[in-house]
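# Coordinate inspection notes
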Amino acid sequence: MARKKIALIGGGQIGQILALLAAQRELGDVVIFDIPQLEGPVKGKALDLWESSPAQGFDADLQGTSDYKDIAGADVVIVTAGLPRKPGMSRDDLLATNVNIIKNVAENVKEYAPKAFSIIVTNPLDAMVSTFHKVSGFPKNQVAGMAGVLDTARWRAFLAMELGVSIEDIAGTVLGGHGPTMVPLPRLTTVGGVPLMELLDAESIERISKRTREAGTEIVKLLGNGSAFFSPAASAIEMAEAYLKDKKRVLPCAALCEGEYGIDGLFIGVPCKLGAGGIEKIYQIKLEADEQALLDKTVEAVKKTLSEVKL
Ligand code: APR
């Protein structure tokens, strides 16, 4: 069986970790694309990583490029092209710059890798995935935003820290936009089958929900000159793997809702089935009134950001 091909558009902080994880998991051959000014650095990263393969024991061809022709035939495209946040910036502050970058990326992916399952990571996430979808014209099942996997990972990590239990046993989900209005769902979170709400009081749960909603900003403040990269990369790779191996994972992704949750024509974080058909299904949870109110709020926030996108 021929190897799969994974094209990474953007070879910065997240892009380089994506390349490492894709190679380590032998998901396929990897092409790292970046702008012509960074052709040398991405070629260097690809070669350096390839030279780590004897020690790590993986087989994968790795290539750096600034020529879109090299992404031809990619099975998966993961887009991190664009500016990251600096301290004091919100994700929405990136909108004007990143929308132009994503437009250009979408046109080229459409031309050179029209069959690729496309995972968008660039922020502000919900607006960028929507832009990519509109400009590429790809079917909705072929385009997903990476946000919910990361937001849920943060929620789970904070709960595991609080409870002193294995991360493996924490199951839950975070819905909505990738920003301060996202909606962790404590009622539906379990710890090895035990409802979270039987383990923590309301105050502790709210404290951890808040930390989850602001987790990206916490990292931006600590790093001082960029935003999170290990956890976003790991989350996007989880999605890519689900697609490439037809795993039928159920993961929260920014997907195009057309009626689900009463949302029409908007990309936002909802639980999805991810397999060889891309986004194969969106699951609808019966929400309680307070949860629905929070979802309505996050929908409004995403709509507001999107209204500022001029295509
Ligand atoms: N085409 C391809 N790559 C581009 C383009 C473009 N038009 N414009 C910029 N890039 C590249 C940059 O040259 C840089 O190498 O995108 C890369 C982004 O890398 P970093 O600046 O290190 O940012 P990173 O931390 O990887 O985050 C990327 O993901 O999570 C989001 O908010 C984050 O929007 C940011 C994105």
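Structure: see above.
Here we summarise the structure given alongside this text. Everything numeric here is computed off the predicted structure, so don't read it as measured data.

### Some words on the pairing of strand 2 (residues 29-33)
Counting buried residues in strand 2 gives 5 out of 5 residues, a clear majority hidden from the surface. On strand 2, burial covers both faces: D29, V31 and F33 on one face and V30 and I32 on the other are all buried. As defined by bridge partners, strand 1 (residues 5-9) adjoins strand 2 across 5 bridges and the pair is classed as parallel. When the sheet's bridge partners are listed, K5 is paired in strand 2 with D29. A crossover links strand 1 with its parallel partner strand 2, the connecting element being helix 1 (residues 13-24), and its sense is right-handed. As paired elements, strand 2 and strand 3 (residues 62-65) share 4 bridges and run parallel to each other. Among the inter-strand pairings, V30 is bridged to a residue of strand 3, identified as L62.

### Structural notes on unusual backbone geometry
Between N123 and the following residue, P124, the backbone shows a cis peptide bond with an omega angle of 0 degrees. Mapped onto the secondary structure, P124 falls in the loop between strand 5 (117-120) and helix 5 (125-136). In the Ramachandran plot, D246 falls in the positive-phi region, its phi being about 45 degrees despite a non-glycine side chain. Although it is not a glycine, K248 sits at a positive phi angle of roughly 60 degrees.

### Some details on helix 5
The terminal C-alpha atoms of helix 5 lie 16 Å apart, and with 12 residues this matches the ideal 16 Å at 1.5 Å per residue to within 8%. Burial within helix 5 is extensive, with 11 of its 12 residues counted as buried. Trailing helix 5 by a residue or two, G137 shows a phi angle of about 70 degrees, which is positive.

### Some details on the pattern of salt bridges
When the charged atoms of two side chains lie near each other, side chains of opposite charge can form a pair. For the structure on display, the rule yields 16 salt bridges. K140 is the salt-bridge partner of E258, the closest N and O atoms lying 2.7 Å from each other. In this pair, E258 sits in strand 12 (residues 249-258) while K140 sits in the loop between helix 5 and strand 6 (143-145), placing the two residues 118 residues apart along the sequence. Accessibility expressed as a relative area gives 46% for E258, which makes it partly exposed. On the basis of relative accessibility, which here comes to 36%, the residue K140 falls in the partly exposed class. Linking E214 and K210 is a salt bridge whose minimum nitrogen-to-oxygen distance equals 3.5 Å. One network of salt bridges, with partners in common, ties together R3, D29 and D61.

Cut-off values and rules
Residues numbered from 1 in each chain as written. Predicted model: local features only at pLDDT ≥ 70, side-chain atom pairs only at ≥ 80, totals over all residues. Heavy atoms only, no water. Buried < 20%, exposed > 50% of the residue type's maximum accessible area, 1.4 Å probe, protein only. Helix = DSSP H or I, 4+ residues; strand = E, 2+ residues; numbered from the N terminus. Pairing = 2+ DSSP bridges. Right-handed = clockwise from strand over helix to strand, strands pointing away. Expected span 1.5 Å × (residues − 1). Salt bridge = Lys/Arg side-chain N within 4 Å of Asp/Glu carboxyl O.

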